[in-house]
Amino acid sequence: MWTFEEDSSSYNSYVSSYIYEYIQSEEIDEFDPQVRGLVRRNLKLLEDYVDKISVSHIHGSDLEDTFPSGVDLIEGHIQKEIWNHEREDLSQILMNYDGDGGDIRHSVNALANLFLLSFYFLDRCCMTVISPDREELAFDMFQSLNATGTPLTAIEVFKPLVVKSEEDYGSGYKNSKSKKHYDNIERLFNRVTSISTKSTRTNKLVTNFALTFSGEKLPSRFGKQRKWLQNEYRGRGGISEKRDFTKVFSDVSSYFYDAWTLYDPDEGEYLDKIRTHEDAGIASVCFLYLKSVNHNIANGHLSRFYSRILNDTGGDPVTEFVEAVKATAAFYTLWRSTQSTSGLDNVYRRLMRHGGFEDNPAVQPMRWTGPDGSLTSNNLKRYFQDVLDRRNIEEKEKWVERPTQGNLSYDTIKKVCRFCLFAASHDTIVDDSTPGLAKEGSSGSSPYLTVDQWKSSDLQLEHIAPADPPDGHNWDDEMYITGSFQDIGNLTLLPKDVNVSVGNKGWVEKRLYYMHLGLDDPDEIREIREEAEENGISLSEDAIKTLKESNYHKHLAPLTKREEPVDHDFVQERGRNISRLVWGQISPWIFK
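Predicted, not measured: the structure shown is a model, and the values here were computed from it.

Side note on the confidence of the model for the protein chain
Of all residues in the protein chain, 79% attain a pLDDT of 70 or more, and the chain-wide mean is 82. Low pLDDT (under 50) marks residues 1-16, which in the prediction has 25 contacts with non-local residues, meaning those over four places away or in another chain.

Structure follows, in structure tokens:
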């Protein structure tokens, strides 16, 4: 057994030197030169770590208490999980000096940590060298771990090829156009610390780049993404064509950075590149809507229109992008409110890869490698018109009936319903001829398609007749038998906190609550209170306060004009009314 002296801290240095000397054995020289270099770099890191342990328990050291005490190691879970057997001699030494306040105690604790490290390294670690005969096998098997053990992405693995191309060209990578492009690509990942977030962003960026560049349907798999990037890049002729490739990649990344991924309406109300446009508000709402429904496939053509703004290609690229966003939002709404998403992705892929249908050759492919001049909002609208015509939803009356047949429903497409209620409320007024319904008003009479309204907590989707009514309710049973209580005709927008108080109430009580929205006239409030008392209804003061302070309430004005209870027939009628208003609002974004 070792006998400690007052200068026994030197023993720690001896142990650390011994460990490092052992792992620096001559066997390392037998490795491949690249592997040998990697091993020696890691051994240097280990040596530094051992040096830190040897001084970490010295009183007054900057590293004091960085590592656990020896007693904690012996008595804690590490004893069972790593050393897995009793160490009586070491335990006795640690117990003897645990209360000692001098140098010996610090040396003993450091020694215990060094013993643990040496045992773990010598007994629990190994090195395996695998030399596959093809690069593809290496990447596909291991996804190429970097020095921190974090899986590399296809974008990171692709970069060395770009660097090598610039070096081979002779100008070097450091000051090249390719470096500027890649710096911009990597900007999307600069603040990402989560591996899953990094992977998600990589998949969206690379798959969209493939769709945008050549119309390719690329899966979210590392091997496929890596191979596609390398093959397409190597297939470019000279360095100029290769730089064109990375420039497109950079532009697509800018779209994701500026818009799809990081656009935050709380930090800037409108999308930055279009903020001066007269339709910036509506286009920004449409863009937020497409994001909310995860309409990722639309990024193929939208990123192309966005690139026109970045490169100032002439004409009016801002208007072109605004029109493309609005047309895409309208097309998605008209499609999704009448059928499932089945086949929808293929519609967009056809646009990027092939263009229009055989009998409509005017619409050319919108991929980067397609013909010049094909990327216009009018061409996009022509294509959408053609698709809707083939689905028999290109006319108002053909479309209006289909959403009321259970397609535009809370339980199937909640977010589409919310957007439709915004569109149906935009610049509409009470229709006095039909209590409960609305009609088109003058421009600016009731602006709802604004970013401020869209992000407001005052406008959450709620049922009028409750989805889960209490026993003994007096709502129309036919709504619950047919399921029409889920249809858009039974939906409205309310402050999210109000539904707690009014959610399961009867129609008379709900209508009285609705009448408080935005109300500040004391005479009108008193009349509502008197009506409530006459009906034996006690209104929640908190709910009323929230309703009175709401900024957005004009959309409920038509409902407050209806005294008769909401029933199945009214839900159907209101659904058709909403559909007509939606068509009137969004169809001009496609049809002229």
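Focus on the pattern of salt bridges
Side chains that differ in sign of charge can pair as their charged atoms come close. This model, assessed by the stated rule, comprises 16 salt bridges. Where E186 meets K159, a salt bridge forms, and the shortest distance between an N and an O atom there is 3.1 Å. Residue E186 is found in helix α9 (residues 177-186), and its partner K159 is found in helix α8 (residues 154-169); the two are separated by 27 residues along the sequence. Residue class for E186 comes out partly exposed when judged on its relative accessible area of 24%. Here R236 and E232 are joined by a salt bridge, their closest N and O atoms 2.8 Å apart. Among the ionic contacts, a cluster of salt bridges with common partners joins D279, E323, K326 and K381.

A look at helix α17 (residues 377-390)
The first and last C-alpha atoms of α17 sit 20 Å apart over 14 residues, in line with the 20 Å expected at 1.5 Å per residue. Listing the buried residues of α17 in full gives S377, N379, L380, K381, Y383, F384, D386, V387 and L388. As for α17, its buried residues are in contact with α14 (299-311), α15 (317-336) and α16 (344-353). Positive backbone phi, at 60°, marks N392, one or two positions downstream of α17.

A word on the packing of helix α19 (residues 414-425) against helix α27 (residues 568-586)
Taken N-terminus to C-terminus, the directions of α19 and α27 make an angle of 75°; their axes are 8 Å apart at the nearest point. Considering their axes alone, α19 and α27 lie roughly perpendicular with respect to each other. Between α19 and α27, the residues in contact are F419, C420, L421, A423 and A424 and I578, L581, V582, Q585 and I586, respectively.

Things to note about the packing of α14 against α16
With their axes 9 Å apart at the nearest point, α14 and α16 run at an angle of 40° to one another. By the criterion of interaxial angle, the relationship of α14 to α16 is oblique. For the pair α14 and α16, the contacting residues are G300, H301 and R304 in the first and Y348, L351 and M352 in the second. Residue classes in the contact of α14 with α16 are distributed as three nonpolar, two polar and one charged.

Looking at the environment of R353
Position of R353 among the secondary structure elements: in helix α16. Residue class for R353 comes out partly exposed when judged on its relative accessible area of 36%. Spatially, the C-alpha atoms of R353 and W368 are 9.7 Å apart, while their sequence positions differ by 15 residues. Aside from chain neighbours lying at most four places away, what touches R353 is S214, G215, E216, P365 and R367. Within polar-contact distance, the side chain of R353 engages the backbone oxygen of G215 at 3.3 Å.

With respect to the side chain of S337
Considering the arrangement of structural elements, one finds S337 in the loop between α15 and α16. At a separation of 3.0 Å, a polar atom in the side chain of S337 contacts the side chain of W399.

A closer look at the side chain of N490
Note on placement: N490 falls in the loop between α21 (477-482) and β4 (491-494). The buried category is assigned to N490, whose relative accessible area is 0%. Once you skip the residues sitting within four places of it in the chain, N490 turns out to touch E462, H463, I464, A465, S484, F485, V566, V571 and R574.

Re the pairing of β4
Along β4, one buried face is formed by L491 and L493 and the opposite face, lined by T492 and L494, is buried too. Here four bridges tie strand β3 (residues 460-463) to β4, and the two strands are oriented antiparallel to one another. By the bridge assignment for β4, L461 is matched with L493.

Points about the environment of A330
Note on placement: A330 falls in helix α15. For A330, a relative accessible area of 0% corresponds to the buried category. Sequence separation of A330 and W583 is 253 residues, and the distance between their C-alpha atoms is 9.0 Å.

Here we look at the nonpolar core
Core analysis: the biggest nonpolar cluster contains 107 residues, and F321 and F331 have the highest contact counts within it. With eleven residues, the top contributor of residues to this core is α15. Sequence-distant contacts of F331, that is, excluding residues within four places in its chain, are made with L344, V347, Y348, F384, V387, L388 and I590. Counting residues in hydrophobic clusters, the runner-up holds 26 residues, among them A465, Y514, I544 and L556.

Side note on the packing of aromatic side chains
Remark: the centre distance and the inter-plane angle together describe each pair of aromatic rings, the angle taken between the planes. On inspection of all chains with the given rule, the structure shows 32 aromatic pairs. Seen from their ring centres, F357 and Y383 are 5.9 Å apart, and the 15° between their planes marks the pair as stacked. In this pair, F357 sits in the loop between α16 and α17 while Y383 sits in helix α17, placing the two residues 26 residues apart along the sequence. Taking the relative accessible area as the measure of exposure, Y383 reaches 0% and is therefore buried. On the basis of an interplanar angle of 70° and a centroid distance of 6.3 Å, the ring pair of F419 and W454 is categorised as edge-to-face. Here W454 lies in helix α20 (residues 451-454) and F419 lies in helix α19, a separation of 35 residues in the sequence. Judged on exposure class, the residue F419 and its partner W454 are both buried. Aromatic ring contacts, followed pair by pair, group F158, Y182, F209, F213, W228, Y233, F245 and F249 into a single cluster. Stacked on the ring of Y257, the Lys or Arg R187 has its end atom at 3.8 Å from the ring centre.

Quick look at unusual backbone geometry
Positive phi, close to 60°, is recorded for N392, a residue that is not glycine. Tracing the chain through its elements places N392 in the loop between α17 and α18 (396-401). One non-glycine residue, D427, lies in the positive phi region at around 55°.

Some details on helix α13 (residues 280-292)
The first and last C-alpha atoms of α13 sit 18 Å apart over 13 residues, in line with the 18 Å expected at 1.5 Å per residue. Those residues of α13 that sit buried are A280, G281, I282, A283, S284, V285, C286, F287, L288, Y289, L290 and K291. Looking at the packing, one finds that the buried side of α13 touches α12 (239-260), α14, α15, α19 and α20. Following α13 by one or two positions, N294 adopts a phi angle in the positive range, close to 55°.

Reading guide: rules and limits
- Residues numbered from 1 in each chain as written.
- Predicted model: local features only at pLDDT ≥ 70, side-chain atom pairs only at ≥ 80, totals over all residues.
- Heavy atoms only, no water.
- pLDDT = per-residue confidence, 0-100.
- Contact = heavy atoms within 4.5 Å.
- Salt bridge = Lys/Arg side-chain N within 4 Å of Asp/Glu carboxyl O.
- Helix = DSSP H or I, 4+ residues; strand = E, 2+ residues; numbered from the N terminus.
- Buried < 20%, exposed > 50% of the residue type's maximum accessible area, 1.4 Å probe, protein only.
- Expected span 1.5 Å × (residues − 1).
- Axes fitted to C-alpha atoms, helices over the stretch in contact; angles between N-to-C directions.
- Parallel < 35°, antiparallel > 145°, perpendicular 65-115°, else oblique.
- Nonpolar A, V, L, I, M, F, W, Y, C, P; charged D, E, K, R; others polar.
- Polar contact = N/O pair within 3.5 Å; in protein donor to acceptor, adjacent residues only side chain to side chain.
- Pairing = 2+ DSSP bridges.
- Core = buried A, V, L, I, M, F, W, Y, C linked by side-chain atoms within 4.5 Å.
- Phe/Tyr/Trp six-rings, centres within 6.5 Å; stacked < 30°, edge-to-face > 60°.
- Lys NZ or Arg CZ within 6 Å of the ring centre and 35° of its normal.

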